[in-house]
Amino acid sequence: MTAASGAARERALGRFLSVADFEREAARRLPRLVHAFVSGGVEDEVTLRANRAAFERLMLRPRGFAGVSDIRQEVELWGRCYASPIGIAPMGVTAICRRDCDLELARAARAAGIPFILSGVSTYPLEELERQAPGTWYQGYLPGDTDRLGRILGRLERAGIDVLVVTCDTPVAGNRENNIRNGFAIPFRPSLRLALDGLAHPRWLVEVLARTLVTSGVPRFANLYEEMGPAITSEPKQGFRGGRDLFTWEHMSWIRERWPGRLAVKGVLHPADAREAAARGMDAIIVSNHGGRQLDGALPSILALGDVVKAVPDGFPVMIDSGFRRGSDVLKAVALGARLVFMGRPFLYGAAVGGEAGALRVCDILKAEIARNLALLGVPDLRCLDEGTLVPMPPRA
């Protein structure tokens, strides 16, 4: 890329001022059923909407004359310093939005100095991705089978993964009726509807579908289990759900005894699960309702956070995802005790529009919002945020 083309791309991305701007543009560029898969939830999407509405129940109380010329938003976790309290959450089959999207997200995270979690339902081989973007975390949908667990752990160790995130909220698939109505399924099934939708979105048809098929063929479930899986149009030989309904806390203890790296549990909403994770030697938990994509009616993550933080020992890392779109949302979570806030859709919208540069632009927007809002709150250092910054509002009658 020439300097001129790079400057032109920067100017083009500069017109995006918020995550919502990227979401609108992604909705325009992506086929309708692809965008619906990314943006939608399950059943009546009660939790999907509640995730956003919950932030309106937490208002901010600023202080004045605090001296905010030197704003600090860096975060320390496990001896590492991250540039901001945000990270990129795991997202499956991102290749339907952007060719080599997993790699572009990982590179953007590394360039921005924030963590990236690679989904187990991803298509870019984790070994190659870790080589190109060292420090990537891996999120697994693990089976309740210790023989297979041992082989999966071996693969992750050989690849150099040192943070393993195990998702606890997907023992069975959520009821994603919107996907069924749109004729969208994983494993992916080509259809006349998708073909017509693609023809109406020629940029996606050429830059995503055609380029992917020509350069590397149909994407594969590269990282779902202990070995490279089949094309995303086929069912893995172990089954797509792979015995997840057999997985228990005893399997987490089994992993803890054998996994030398950091180990986190994602999908925690109940304080009892938080206590269980800490008692069994986990290194962190991630409060999450899967972005409203599993149990409809589940508690919004931000409203579950306070009780979860109180349930674990002081200093135990608690992270969060689901529903975050603004820097102010992030600060509310940090004030309630979150160490890091992960976001999926916002970064995927950025990548769908502009690849690595688009994801970086999303990160820059969020960092700027965080810095600006810290100054307006009169809190020059992120570490000084606490519950006194927040004022809960009563639910609307």
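Residues numbered from 1 in each chain as written. Predicted model: local features only at pLDDT ≥ 70, side-chain atom pairs only at ≥ 80, totals over all residues. Heavy atoms only, no water.

### Thoughts on the packing of helix 9 (residues 192–199) against helix 10 (residues 202–216)
Thought 1: In the contact formed by helix 9 and helix 10, the axes pass within 6 Å of each other and the chain directions differ by 105 degrees. As judged from the angle between their axes, helix 9 and helix 10 are roughly perpendicular. Residues Leu-194, Gly-198 and Leu-199 of helix 9 form the contact with helix 10, whose participating residues are Pro-202, Trp-204 and Leu-205.
Thought 2: Among the residues forming the contact of helix 9 with helix 10, the class breakdown is five nonpolar, one polar and no charged. (Axes fitted to C-alpha atoms, helices over the stretch in contact; angles between N-to-C directions. Helix = DSSP H or I, 4+ residues; strand = E, 2+ residues; numbered from the N terminus. Parallel < 35°, antiparallel > 145°, perpendicular 65-115°, else oblique. Contact = heavy atoms within 4.5 Å. Nonpolar A, V, L, I, M, F, W, Y, C, P; charged D, E, K, R; others polar.)

### A look at the pairing of strand 9 (residues 284–287)
Thought 1: Of the two faces of strand 9, the one lined by Ala-284 and Ile-286 and the one lined by Ile-285 and Val-287 are each fully buried.
Thought 2: Note that strand 8 (residues 262–268) and strand 9 share four bridges and pair parallel. Residue Val-268 lies in a different strand from strand 9, and its bridge partner there is Val-287.
Thought 3: Crossover connection from strand 8 via helix 12 (residues 271–279) to parallel strand 9: handedness right-handed.
Thought 4: Bridge analysis of strand 9 against strand 10 (residues 318–320) gives three bridges, and the strand direction is parallel. Each bridged residue has a counterpart across the sheet, and for Ile-285 the counterpart in strand 10 is Val-318. (Buried < 20%, exposed > 50% of the residue type's maximum accessible area, 1.4 Å probe, protein only. Pairing = 2+ DSSP bridges. Right-handed = clockwise from strand over helix to strand, strands pointing away.)

### So, the environment of Ala-279
Thought 1: Within the secondary structure, Ala-279 is located in helix 12.
Thought 2: Classification of Ala-279 as exposed rests on a relative accessible area of 68%.
Thought 3: Measuring from C-alpha to C-alpha, the distance between Ala-279 and Pro-313 comes to 9.6 Å, with 34 residues separating the pair along the chain.

### Side note on the packing of aromatic side chains
Thought 1: Taken as a whole and assessed by the stated rule, the structure comprises five aromatic pairs.
Thought 2: Their ring planes at 65 degrees and their centres at 5.0 Å tell us that Phe-55 and Phe-324 sit as a pair that is edge-to-face. One end of the pair, Phe-55, is in the loop between helix 4 (46–53) and strand 1 (58–60); the other, Phe-324, is in the loop between strand 10 and helix 14 (327–335), and 269 residues separate them in sequence. The residues Phe-55 and Phe-324 share a single accessibility class, namely buried.
Thought 3: In this arrangement the basic side chain of Arg-293 is found over the ring face of Phe-37, its NZ or CZ atom lying 5.1 Å from the centre. (Phe/Tyr/Trp six-rings, centres within 6.5 Å; stacked < 30°, edge-to-face > 60°. Lys NZ or Arg CZ within 6 Å of the ring centre and 35° of its normal.)

### Quick word on the nonpolar core
Thought 1: Core analysis: the biggest nonpolar cluster contains 119 residues, and Trp-137, Ile-255, Ile-285, Ile-302 and Phe-347 have the highest contact counts within it.
Thought 2: Ranked by residues supplied to this core, first place goes to helix 15 (residues 345–377) with 15 residues.
Thought 3: Excluding residues within four positions of it along the chain, Ile-285 makes contact with Val-265, Val-268, Ala-274, Ala-277, Val-308, Val-312, Phe-316, Pro-317, Val-318 and Met-319. (Core = buried A, V, L, I, M, F, W, Y, C linked by side-chain atoms within 4.5 Å.)

### Section: the side chain of Gln-139
Thought 1: By the element assignment, Gln-139 lies in strand 6 (residues 137–140).
Thought 2: Here Gln-139 falls in the buried class, since its relative accessible area comes to 1%.
Thought 3: A polar side-chain atom of Gln-139 sits 2.8 Å from a polar atom in the side chain of Thr-167.
Thought 4: Setting aside chain neighbours within four positions, we find Gln-139 in contact with Pro-90, Ile-117, Leu-118, Ser-119, Gly-120, Val-165 and Thr-167. (Polar contact = N/O pair within 3.5 Å; in protein donor to acceptor, adjacent residues only side chain to side chain.)

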